[in-house]
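Observations on chain architecture
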Amino acid sequence: MNAIAEGNYTAKLDLKPERLEGLSEKLIEQHWKLYEGYVDNVNLLRSALEDGLRGGKALSDQFLSEIERRLGFEYNGMVLHEYYFGALAPGLAEPGKSSKLALRFAKDFGTYENWKKRFSDIGKMRGVGWVMAAIDPSFGKLVNFWVSDHEVGHVAGFIPIIAMDMWEHAYILDYGAKADGRAAYIEAYFKNLDWRTIEDRWALADQGKIRPRAAVASLA
Ligand SMILES: [Fe+2]
């Protein structure tokens, strides 16, 4: 077995959500296939780079440039989907007003509801990408921000707590292409957020650890 085969990423099947409310099995199935595509493409690009090293053959500037520029797109496409799928589960109520988790949102946004409204409003903006809620490790502060495509707009070193997929493929099958479909999807997304995982990620962020259970792809 060569070094590449040993280092391939694999889709993390344990993160695949089931029986969600308002997000159909068919939608999740199609979406999951897209995630698998990102995993495959990361492996392909890494393999092309590794082959160049192993063969001792210089890669052309154009080839190297194309691959290196695509890596951020494919890598983030893989990892963000793991944050996304890894925090979806049916039947968990949103944090109650006086819960420890709601108070944490309230610390930086006044109330949990304020945070949720701002996060949702970012998701309703036009464009494809992600809404992120992440911890600024300098102050332990929660920050929402938009990421275009998969890779444009990340803040280096911030620790993601929530990643909401706002590409059309995340909702169009169930909710259509109109703006109100986007809003209905966001509502469904919140009905299925796995708050235990969010809490877990937050606790790890407090400890300065970036690797929540569902966050980072593991090498096979
Ligand atoms: Fe997606």
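Coordinates for the structure precede this section.
What you see is a predicted model, and the numbers here were worked out from it, not measured in a lab. (Residues numbered from 1 in each chain as written. Predicted model: local features only at pLDDT ≥ 70, side-chain atom pairs only at ≥ 80, totals over all residues.)

1. Examining the overall build of the chain
The helix and strand inventory of the chain stands at eight helices and three strands. In the chain, the order of α-helices and β-strands from amino to carboxyl end is α-α-α-α-α-β-β-β-α-α-α. For 220 residues, the compact-globule formula gives about 17 Å, and the C-alpha radius of gyration of the chain, at 18 Å, lands near that figure. A total of 220 residues make up the chain; the buried ones form 28% of that total. (Helix = DSSP H or I, 4+ residues; strand = E, 2+ residues; numbered from the N terminus. Rg over C-alpha atoms; globule rule 2.2 N^0.38 Å. Buried ≥ 20, exposed ≤ 12 C-beta atoms within 10 Å, placed from the backbone.)

2. Here's the deal with the nonpolar core
Counting 40 residues, the largest nonpolar core has Trp130, Ile161 and Ala163 as its most contacted members. Breaking this core down by element, the ones donating at least two residues are helix 2 (25-55), helix 3 (61-85), helix 5 (112-123), strand 1 (129-136), strand 2 (141-148), strand 3 (159-165), helix 7 (179-191) and helix 8 (195-206). Residues in contact with Ala163, not counting those within four places in the same chain, are Leu80, Tyr83, Tyr84, Trp130 and Met132. (Core = buried A, V, L, I, M, F, W, Y, C linked by C-beta atoms within 7 Å. Contact = placed C-beta atoms within 7 Å.)

3. Notes on the environment of Arg104
Within the fold, Arg104 resides in helix 4 (residues 100-109). Exposure remark for Arg104: the 20 C-beta atoms within 10 Å place this residue in the buried category. C-alpha of Arg104 to C-alpha of Arg201: the two residues are 97 residues apart in sequence and 13 Å apart in space.

4. A word on the pairing of strand 2
Bridging between strand 1 and strand 2 involves eight bridges; their strand directions are antiparallel. Bridge assignment links Gly129 to a residue of strand 2, and that residue is Ser148. Linking strand 1 back to strand 2 in an antiparallel pair, the connection comprises four residues, with Gly140 at a positive phi of about 65°. (Pairing = 2+ DSSP bridges.)

5. Section: helix 2
An α-helical turn contains 3.6 residues, so any two residues separated by three or four positions project in the same direction. Between its first and last C-alpha atoms helix 2 spans 44 Å; for 31 residues at 1.5 Å apiece the expected length is 45 Å, and the two agree. Of all the residues in helix 2, the buried ones are Leu27, Ile28, His31, Tyr35, Tyr38, Val39 and Val42. As for helix 2, its buried residues are in contact with helix 3 and helix 6 (172-175). Gly56 lies just past helix 2 and shows a positive phi near 65°. (Expected span 1.5 Å × (residues − 1).)

6. A short note on the sheet that holds strand 2
Strand pairs in the sheet, formed through backbone hydrogen bonds, run parallel or antiparallel to each other. Reading across the sheet, the three strands line up as 2-1-3 and stay open at both edges, with antiparallel pairing between neighbours. Looking at the sheet topology across the chains shown, the edges are occupied by strand 2 and strand 3. Taking each pair of neighbouring strands and ignoring which way they run, the sheet shows an average axis angle of 20°. Across the sheet, helix 8 lies against strand 1 and strand 3, angled at about 150° from strand 3, the strand it touches most. (Axes fitted to C-alpha atoms, helices over the stretch in contact; angles between N-to-C directions.)

7. Some points on the packing of helix 4 against helix 5
For the pair helix 4 and helix 5, the least separation of the axes is 7 Å and the interaxial angle reads 70°. Taken together, the axes of helix 4 and helix 5 are roughly perpendicular relative to one another. Within the contact between the two elements, helix 4 uses Ala102, Phe105, Ala106 and Phe109 and helix 5 uses Tyr112, Asn114, Trp115 and Arg118. Within the contact of helix 4 with helix 5, the residues separate by chemical class into six nonpolar, one polar and one charged. (Parallel < 35°, antiparallel > 145°, perpendicular 65-115°, else oblique. Nonpolar A, V, L, I, M, F, W, Y, C, P; charged D, E, K, R; others polar.)

8. Quick word on the pairing of strand 3
Taken across its seven residues, strand 3 has seven buried, putting it largely inside the fold. In the sheet, strand 1 pairs with strand 3 via six bridges, with the strands oriented antiparallel. Counted as the bridge partner of Val131 is Met164 from strand 3.

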